[in-house]
Amino acid sequence: MIVLLTGASGYIGAVVAEKLVAAGHQVIGLARSPEAEASLRERGLEVRPGDLLKPDGLAAAAEGVDAVIHTANTKDEKAESADKAAVNAFLGALAGTDRPFVYTSGNLVLGNTGKQISDEDSPLNPIRFVSWRPAVEQTVVKSTSRGVAGKVIRPAWVYGRGAGYPSILVRTGRDLGHVPIIGKGDNRMTFVHVEDLADLYLLVLENAAPGTLYSGSVLPAISVHDVAVAASKAGGAEGKTFSWPLADAVKSFGAERVEVMTCDQQISGARAERDLAWKPGSPSVLEELAGGAYAG
């Protein structure tokens, strides 16, 4: 397949590109700057110009491709409007072709799951930071009525290759001599290794039925406290942490961001394992932190 990939130079997208090429697909990366274009070409990818803030250009970039995988996000105050516009542009370009469009959502649409292990059938309770995402998910899932094979992936917290969420904690431990935790840190996070997640993208592209949604998550969930201690050790801070009162954290970061960091989740990826023979087998986030993957 000829696959247009947004975010091909990003953390998740770069590994997805590797997996696609290894599986024999032709990957076209979307680039919004000469620097991004040069980087993608150095990795052997074809390039088409495109910017999430310019949806007309996105539709043009999708012309003649067999599938689109959307992993890019502006990660700023324009994220909602840019994502909605990009999805609509791609769906419009693919309408009537029955070609795949794979959309990247995220675990936070489930909100706090607490003791309950959640999956794709669980009711949504998105935190404010991603309150708009469920509507976009539904737009993609229902795009089958427009002749598009829309599919959705909800990654959990991503780690691996020395990057992702744990790298932030490691750097903080290195800089401060401890890793701050909001409250006791007994809220749990569900993780997925970037290699395993990229495998899932390939499986969803090739084998998932149109109109389906899969969680890219690997249990068991791990407490924020345990991740922070491991990251502190990896950063040379000897496992030291600091409990930050919730009110103080809200004053510093704002309520929305604190809600992200205190979300308590246990999310199963069993459906992908069952339906698509997804076999996540990478070391856990604690094993990666202890094994030196984040020591650099």
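S.K.: Looking at this structure, how should I read the overall build of the chain?
M.R.: Regarding its fold elements, the chain presents 12 helices and 13 strands. In terms of overall dimensions, the chain has C-alpha extents of about 55 × 40 × 40 Å along its principal axes. Sorting the 296 residues of the chain into buried and exposed places 51% on the buried side. Taking contacts inside the chain between residues at least 6 apart in sequence as the whole, the part at least 24 apart equals 78%. When the accessible surface of the chain is summed, it comes to about 13100 Å², and 50% of that surface belongs to carbon and sulfur atoms. With 29 positive and 34 negative side-chain charges, the chain shows a spacing of 3 Å between the two charge centroids.

S.K.: Where do I start with the nonpolar core in this structure?
M.R.: Most often, soluble globular proteins keep nonpolar side chains buried together rather than apart. Val16, Leu20, Ile69, Leu197, Leu200, Tyr201 and Val204 are the most contacted members of the largest nonpolar core, which totals 35 residues. Elements represented by at least two residues in this core include exactly β1 (2–6), α1 (11–22), β2 (26–31), α2 (34–42), β4 (67–70), α7 (194–207) and α11 (270–276). Looking at this core element by element, the count peaks at 9 residues for α7. Each residue touching valine 204, except ones within four places of it in the same chain, is listed here: Val102, Lys151, Ile153, Tyr214 and Leu276.

S.K.: Mind showing me how you'd approach the packing of helix α4 (residues 79–94) against helix α5 (residues 133–141) here?
M.R.: Geometrically, a packed helix pair is captured by the angle between its two axes and the distance between the axes. Where α4 contacts α5, the axes come no closer than 11 Å and their chain directions differ by 0 degrees. Taken together, the axis directions place α4 and α5 in an arrangement best described as roughly parallel. Where α4 approaches α5, its residues Asp83, Lys84, Val87, Asn88 and Leu91 are matched on the opposing element by Arg133, Val136, Thr139 and Val140. The residue inventory of the contact of α4 with α5, partitioned by class, reads 4 nonpolar, 2 polar and 3 charged.

S.K.: I would appreciate a short explanation of the sheet that holds strand β8 (residues 163–164) in the present structure.
M.R.: Sheet architecture is open: 4 strands sit in the order β8-β7-β10-β12, paired in mixed fashion. Two strands in the sheet have a free side with no partner beyond their single neighbour: β8 and β12 (218–223). Inspection of the sheet shows strand β7 (residues 157–160) paired to strand β10 (residues 188–193) by 3 bridges, in the parallel sense. Bridge pairing in β10 places tryptophan 157 opposite phenylalanine 191. Contacts between α7 and the sheet are confined to β7 and β10, with β10 contributing the most and set at about 70 degrees to the helix.

S.K.: I would appreciate a short explanation of the packing of aromatic side chains in the present structure.
M.R.: How two aromatic rings sit relative to each other is given by the distance of their centres and the angle of their planes. Considering all chains together, one arrives at 4 aromatic pairs under this definition. Taking 5.1 Å as the distance between ring centres and 50 degrees as the angle between the ring planes, the aromatic pair formed by tryptophan 157 and tyrosine 165 counts as tilted. Taken together, a centroid distance of 6.0 Å and an interplanar angle of 80 degrees make the contact between tyrosine 159 and phenylalanine 191 edge-to-face. Highlighted residues: tyrosine 159 in strand β7 and phenylalanine 191 in strand β10, separated in sequence by 32 residues. Using a relative accessible area of 5% as the deciding quantity, one classes tyrosine 159 as buried.

S.K.: Just to check I follow, could you spell out α7 for this structure?
M.R.: An α-helical segment advances 3.6 residues per turn. Residues three or four places apart therefore align on the same side. Between its first and last C-alpha, α7 extends 20 Å over 14 residues, near the 20 Å set by a 1.5 Å rise per residue. Within α7, 10 of the 14 residues are buried, which leaves the element mostly enclosed by the surrounding structure. All of the buried residues along α7 are Val194, Asp196, Leu197, Ala198, Leu200, Tyr201, Leu202, Leu203, Val204 and Leu205.

S.K.: Looking at this structure, how should I read the packing of helix α6 (residues 165–176) against helix α8 (residues 224–234)?
M.R.: Two elements in contact, α6 and α8, have axes whose closest approach is 8 Å; the angle formed by their N-to-C orientations is 55 degrees. Considering their axes alone, α6 and α8 lie oblique with respect to each other. α6 and α8 meet at a crossing whose hand is right-handed. For the pair formed by α6 and α8, the contact residues are Pro166, Leu169, Val170 and Arg174 on the first element and Val227, Ala228, Ala231 and Ala234 on the second.

S.K.: Is there a simple way to think about the sheet that holds strand β6 (residues 148–155) in this case?
M.R.: Sheets are built from strands paired through backbone hydrogen bonds, the pairs being either parallel or antiparallel. Across the sheet, 7 strands lie side by side as β3-β2-β1-β4-β5-β6-β11; this open sheet has parallel pairing. Two strands bound the open sheet, and with one partner strand each, they are β3 (46–49) and β11 (212–216). Geometrically, the sheet is characterised by an average inter-axis angle of 20 degrees between neighbouring strands, direction not taken into account. Two strands pair when backbone bridges link them, and β6 and β11 are joined in this way by 5 bridges, in the parallel orientation. Bridge pairing links proline 155 to glycine 216 in β11.

S.K.: So what exactly am I meant to see when it comes to the environment of alanine 60 here?
M.R.: The residue alanine 60 is located in helix α3 (residues 55–61) in this model. Taking the relative accessible area as the measure of exposure, alanine 60 reaches 41% and is therefore partly exposed. Note: C-alpha distance between alanine 60 and arginine 274 (214 residues apart in sequence) is 37 Å.

S.K.: I would appreciate a short explanation of the pattern of salt bridges in the present structure.
M.R.: Close approach of charged atoms lets side chains of opposite charge pair. By the definition in use, this model includes 14 salt bridges. As a salt-bridge pair, lysine 19 and glutamate 195 come within 3.3 Å of each other at their nearest N and O atoms. Here lysine 19, found in helix α1, pairs with glutamate 195, found in helix α7; they are 176 residues apart in sequence, far enough to count as distant. For lysine 19, a relative accessible area of 21% corresponds to the partly exposed category. Classification of glutamate 195 by relative accessible area gives partly exposed; the value is 22%. Between arginine 161 and glutamate 195 there is a salt bridge, with the nearest N and O atoms lying 2.7 Å from each other. Residue arginine 161 is located in the loop between β7 and β8, and its partner glutamate 195 is located in helix α7; the two are separated by 34 residues in the primary sequence. Look at the salt bridges and you will find they share partners, linking Glu18, Lys19, Arg161, Glu195 and Asp199 into a network.

Calculation notes
- Residues numbered from 1 in each chain as written.
- Predicted model: local features only at pLDDT ≥ 70, side-chain atom pairs only at ≥ 80, totals over all residues.
- Heavy atoms only, no water.
- Helix = DSSP H or I, 4+ residues; strand = E, 2+ residues; numbered from the N terminus.
- Buried < 20%, exposed > 50% of the residue type's maximum accessible area, 1.4 Å probe, protein only.
- Contact = heavy atoms within 4.5 Å.
- Areas by Shrake-Rupley, 256 points an atom, 1.4 Å probe, with all protein chains shown as cover.
- Lys, Arg positive; Asp, Glu negative; His and termini not counted.
- Charge placed at Lys NZ, Arg CZ, Asp CG, Glu CD.
- Core = buried A, V, L, I, M, F, W, Y, C linked by side-chain atoms within 4.5 Å.
- Axes fitted to C-alpha atoms, helices over the stretch in contact; angles between N-to-C directions.
- Parallel < 35°, antiparallel > 145°, perpendicular 65-115°, else oblique.
- Nonpolar A, V, L, I, M, F, W, Y, C, P; charged D, E, K, R; others polar.
- Pairing = 2+ DSSP bridges.
- Phe/Tyr/Trp six-rings, centres within 6.5 Å; stacked < 30°, edge-to-face > 60°.
- Expected span 1.5 Å × (residues − 1).
- Left-handed = near helix turned anticlockwise from the far one by under 90°.
- Salt bridge = Lys/Arg side-chain N within 4 Å of Asp/Glu carboxyl O.

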